[in-house]
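Observations on the model geometry
Below, each chain spelled out in residue letters.
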Amino acid sequence: MKVRLSDSSRGKYGLVGHVGVGHVHSHSGFVQDDSAGFAVASLLLKKALPVDTTIKEVEFDPGSHSILVVTASGGQGTTSPRRGVTPREVEMMSQAIGLDAIFSQNAAVKVFGRVYGQGVLEVPVSFQGACALAALDSFKRMMSTSLLVTSEKFPNKYDIAAGTVVDIDDIPVSLMLVINGTNGGIGPDEDYEGNTPWTEKGELMSSLALDRIPTVVLESKAFIPSMAHEIVENQLMVRAQPEIDCLPFGEALFKAGKEAKIPIRLERTLMPMPNGALARATEDLADKIIAAAQKLKSANLSSEKTAIVARLAQWISEDAGGVTFMSNTVNDQMRGAGILPGISVVLSMVTTKEYQSYWKIPQLTPTDAEWYHTVIAGALKSMAQG
C-alpha cells in the first residue's frame, strides 16, 4: 500500500475513524476497544508522514488537576479527571512513556490494567483522552493548514474532528479522524462519532465531500456475546444494510478480505434503523436501577445492601455505556455507529469467547490495523475499477 498526501481537494471515497473515550463496555456483555477506528485511520496517515506519536512525556499539574501527554513529535493532549489524581496514579502514568498514543485505549489498559467509563474510572479514561488528543495534535503540528481541524467547543466535551485527503495507491480518499471525549473522564458521549454531519464537523465533511461519497466508517474491535457461538477466530466484520447503506462498498471490502486470506465476515442485517431502540434500552436500564434502589431503600442486612450496590455498580460500569454514548434522537437517525445513511459501510472486528475470557478488554494490535489497511486498499481498487 502506498499512501501520500493528495493534491486533490476531496476524495472519491471516504474513511472515517473515531475514538469513543471510555466507551469500553455496553449492554449484554458487549466489550470493545472503541479507539480502533481512530487508530486505523491515524496509522494510514502516518504512512504518508514522518510523524512520531510515541509518548515522550506524561506530566500532572496538581494545581489544575490536569494530565498532560506529549509525543515525540511535540503533540500535546490535556485532560482533567473529575476527582483528581493520586501520587500513585501519577507514577503509573509514567509507564506509558514509549507507548504509541494512537493506540489510546491500549495505553490506558497497559498503565492501569483496565478501563471503565461512565465516571467509574475517571483517571484511566482521562489519560486515554489525553493520549488521543496528543496523537491528533502531532498531525496538526506537522500538517498545519493541510489538516482541517474543527475548533467548536461543546458543553462538558472536548470533541474534535480533523480531515485531509490522501492518495491510497493513487486513489484520492477523504480521511477524517474524530475524538469523542467528555470532561472529567465521565463519558462516553458520542453524538459526534462516525460520519454524523453535525455543526462544524458537518461543514468539514462537506468540504471533503464526506457527506456524499461512499465512505467506510472504521469501528471497534469488540467481543459481542450474541455472536460468540459462531466466532471461531478473531476476524474483521463488514456491516452494510441493503437499501440503507452502501452495499457495493461493503461487498468490495468482504471480497478484498477473502482475496487476501484475512478472516472476514459480511453482515447485511445487523444495522437496521432502530426506531426508538436506544430510548427503550435507556428506559429498561432505568427501570432496573429504580427497582434495585427500591430494594436498597428497605434493606436491613449489610449483606443484602452490599449485593444490591454491587449489582448497581456493574450496571453502571458496564450496561450504562450502551445508553449514555448517544442521544436517543441521534441514534434513530444514525444508528449506534454514527453512520450517515445512503453512503456508508462499517468495518470493524469481532473477537472469540476465548480471547475475551483471557484479555477481558479487547485491544487493537498493529497486526489488526494492517488487516484493516489491506482490506481497505483492496476494496478501493475494486471500487475504482468499477
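Presented here is a report on the structure given in the accompanying data block. (Residues numbered from 1 in each chain as written. Predicted model: local features only at pLDDT ≥ 70, side-chain atom pairs only at ≥ 80, totals over all residues. Heavy atoms only, no water.)

1. Quick look at the overall build of the protein
- Summing up its helical and strand segments, the protein has 12 helices and 13 strands in all.
- For the protein, the C-alpha atoms occupy an extent of roughly 70 × 45 × 40 Å along the three principal directions.
- Per-residue burial for the protein yields a buried fraction of 58% across its 386 residues.
- Surface exposure of the protein reaches about 15800 Å², of which carbon and sulfur atoms provide 53%.
- Both charge centroids of the protein, one from 35 positive and one from 42 negative side chains, sit 3 Å from each other. (Helix = DSSP H or I, 4+ residues; strand = E, 2+ residues; numbered from the N terminus. Buried < 20%, exposed > 50% of the residue type's maximum accessible area, 1.4 Å probe, protein only. Areas by Shrake-Rupley, 256 points an atom, 1.4 Å probe, with all protein chains shown as cover. Lys, Arg positive; Asp, Glu negative; His and termini not counted. Charge placed at Lys NZ, Arg CZ, Asp CG, Glu CD.)

2. Regarding the pairing of strand 13 (residues 344-350)
- Across the 7 residues that make up strand 13, a large majority, 7, are buried.
- Of the two faces of strand 13, the one holding S344, V346, S348 and V350 and the one holding V345, L347 and M349 are both buried throughout.
- Looking at chain direction, strand 10 (residues 215-223) and strand 13 are connected through 6 bridges and run parallel. Bridging from a neighbouring strand, K221 pairs with M349 of strand 13.
- Strand direction decides the pairing type here: strand 11 (residues 235-239) and strand 13, joined by 5 bridges, are antiparallel. Opposite L236, over in strand 13, you have M349 as the bridge partner. (Pairing = 2+ DSSP bridges.)

3. Focus on unusual backbone geometry
- For the bond from G187 to P188, the omega torsion is 5°, close enough to zero to count as cis.
- Structurally, P188 is set in the loop between strand 9 (171-180) and helix 5 (199-207).

4. Digging into the side chain of R265
- Mapped onto the elements of the fold, R265 is located in strand 12 (residues 264-267).
- Residue R265 is classed as buried on the basis of its relative accessible area of 13%.
- A polar contact of 2.4 Å, which involves the side chain of R265, links it to the side chain of E230.
- Setting aside residues up to four positions removed in sequence, R265 forms contacts with M227, E230, I231, Q235, L236, M237, V238, F254 and V350. (Polar contact = N/O pair within 3.5 Å; in protein donor to acceptor, adjacent residues only side chain to side chain. Contact = heavy atoms within 4.5 Å.)

5. Here we look at the pairing of strand 2 (residues 13-20)
- Burial within strand 2 is extensive, with 8 of its 8 residues counted as buried.
- The side-chain alternation of strand 2 yields two buried faces, one formed by Y13, L15, G17 and V19 and the other by G14, V16, H18 and G20.
- Of the strand pairs in this sheet, strand 2 and strand 9 are connected by 8 bridges, and their pairing is parallel. Counted as the bridge partner of G20 is N180 from strand 9.
- Bridge count for strand 2 against strand 10 is 4 bridges, and the pairing is parallel. Each bridged residue has a counterpart across the sheet, and for G17 the counterpart in strand 10 is L218.

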